[in-house]
Amino acid sequence: MDKTGKETFLAPIPIGDVGGTTGYADVSVASDASTAAQEAYKYLNNSLLINELTERVYELLLEDLRYQRERVNNYGIGR
């Protein structure tokens, strides 16, 4: 919690050229816990939203795996 008594969450911050994907930086964003709970409730009670969310998470996972594979394969080239 922050000084005002609100829950703090880490907001996704694009980290640009570092990895090409969005990461979680050490920047906290104050948010009302009830607002987060309402959003979670909305997703949990709507199968279409849950499906969209899981598809997006899967896409991000595949993208991250692809970047990791590229980094491993390019390691040591040009040295």
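None of the values given here were measured: they were computed from a predicted structure.

Peer 1: Where do I start with the overall build of the chain in this structure?
Peer 2: When its secondary structure is counted, the chain shows two helices and two strands. The order of helices and strands in the chain, counted from the N terminus, is β-β-α-α. Burial analysis of the chain (79 residues in total) assigns 8% to the buried set. Carbon and sulfur atoms make up 56% of the accessible area of the chain, which amounts to about 6,800 Å² in all.

Peer 1: I'm lost on the confidence of the model for the chain in this one. Help?
Peer 2: It should be kept in mind that the predicted coordinates are not to be read in detail where pLDDT is low. A residue-level look at the chain finds 56% of positions with pLDDT of 70 or above and a mean pLDDT of 74. Ranking the helices and strands of the chain by mean pLDDT puts helix 2 (residues 47-74) first, with 93, and strand 2 (residues 22-31) last, with 51.

Peer 1: Can you help me understand the pattern of salt bridges in this one?
Peer 2: It is possible for side chains bearing opposite charge to pair when their charged atoms get close. If you walk through the whole model with that rule in mind, you get two salt bridges. We note a salt bridge from Glu39 to Lys42, for which the minimum N-O separation is 3.2 Å. With Glu39 and Lys42 both in helix 1 (residues 33-44), this residue pair falls three residues apart, about one helical turn. Look at Glu39 and you get partly exposed, because its relative accessible area is 39%. Judged by relative accessible area, Lys42 falls into the partly exposed class, the value being 43%.

Peer 1: Can you walk me through a nonpolar patch on the surface in this structure?
Peer 2: A cluster of nonpolar side chains, Tyr58, Leu61, Leu62 and Leu65, forms an exposed patch at the surface whose accessible area comes to about 360 Å². Summarising the element assignment, Leu61 is placed in helix 2. Given a relative accessible area of 45%, Leu61 falls into the partly exposed group.

Peer 1: Can you walk me through helix 2 in this structure?
Peer 2: An α-helical turn contains 3.6 residues, so any two residues separated by three or four positions project in the same direction. Counted at 1.5 Å a residue, the expected span for helix 2 with its 28 residues is 40 Å, and the 40 Å between its end C-alpha atoms agrees. Where helix 2 begins, the capping side chain belongs to Asn46, and its oxygen is found 3.0 Å from the backbone nitrogen of Leu48.

Peer 1: Would you mind showing me how to read the packing of helix 1 against helix 2 here?
Peer 2: Pairs of packed helices are described in terms of their axes, by the angle between the two and the distance that separates them. Contact geometry of helix 1 with helix 2 gives a least axis separation of 6 Å together with a crossing angle of 100 degrees. Classified by the angle their axes make, helix 1 and helix 2 are roughly perpendicular. The residues of helix 2 that touch helix 1, namely those facing Lys42, Tyr43 and Leu44, are Leu49, Ile50 and Leu53. Its residues assigned to classes, the contact of helix 1 with helix 2 comprises five nonpolar, no polar and one charged.

Calculation rules
Residues numbered from 1 in each chain as written. Predicted model: local features only at pLDDT ≥ 70, side-chain atom pairs only at ≥ 80, totals over all residues. Heavy atoms only, no water. Helix = DSSP H or I, 4+ residues; strand = E, 2+ residues; numbered from the N terminus. Buried < 20%, exposed > 50% of the residue type's maximum accessible area, 1.4 Å probe, protein only. Areas by Shrake-Rupley, 256 points an atom, 1.4 Å probe, with all protein chains shown as cover. pLDDT = per-residue confidence, 0-100. Salt bridge = Lys/Arg side-chain N within 4 Å of Asp/Glu carboxyl O. Patch = residues over 30% accessible without salt bridge, like charges linked within 9 Å, V, L, I, M, F, W, Y side chains within 5 Å. Expected span 1.5 Å × (residues − 1). Polar contact = N/O pair within 3.5 Å; in protein donor to acceptor, adjacent residues only side chain to side chain. Axes fitted to C-alpha atoms, helices over the stretch in contact; angles between N-to-C directions. Parallel < 35°, antiparallel > 145°, perpendicular 65-115°, else oblique. Contact = heavy atoms within 4.5 Å. Nonpolar A, V, L, I, M, F, W, Y, C, P; charged D, E, K, R; others polar.

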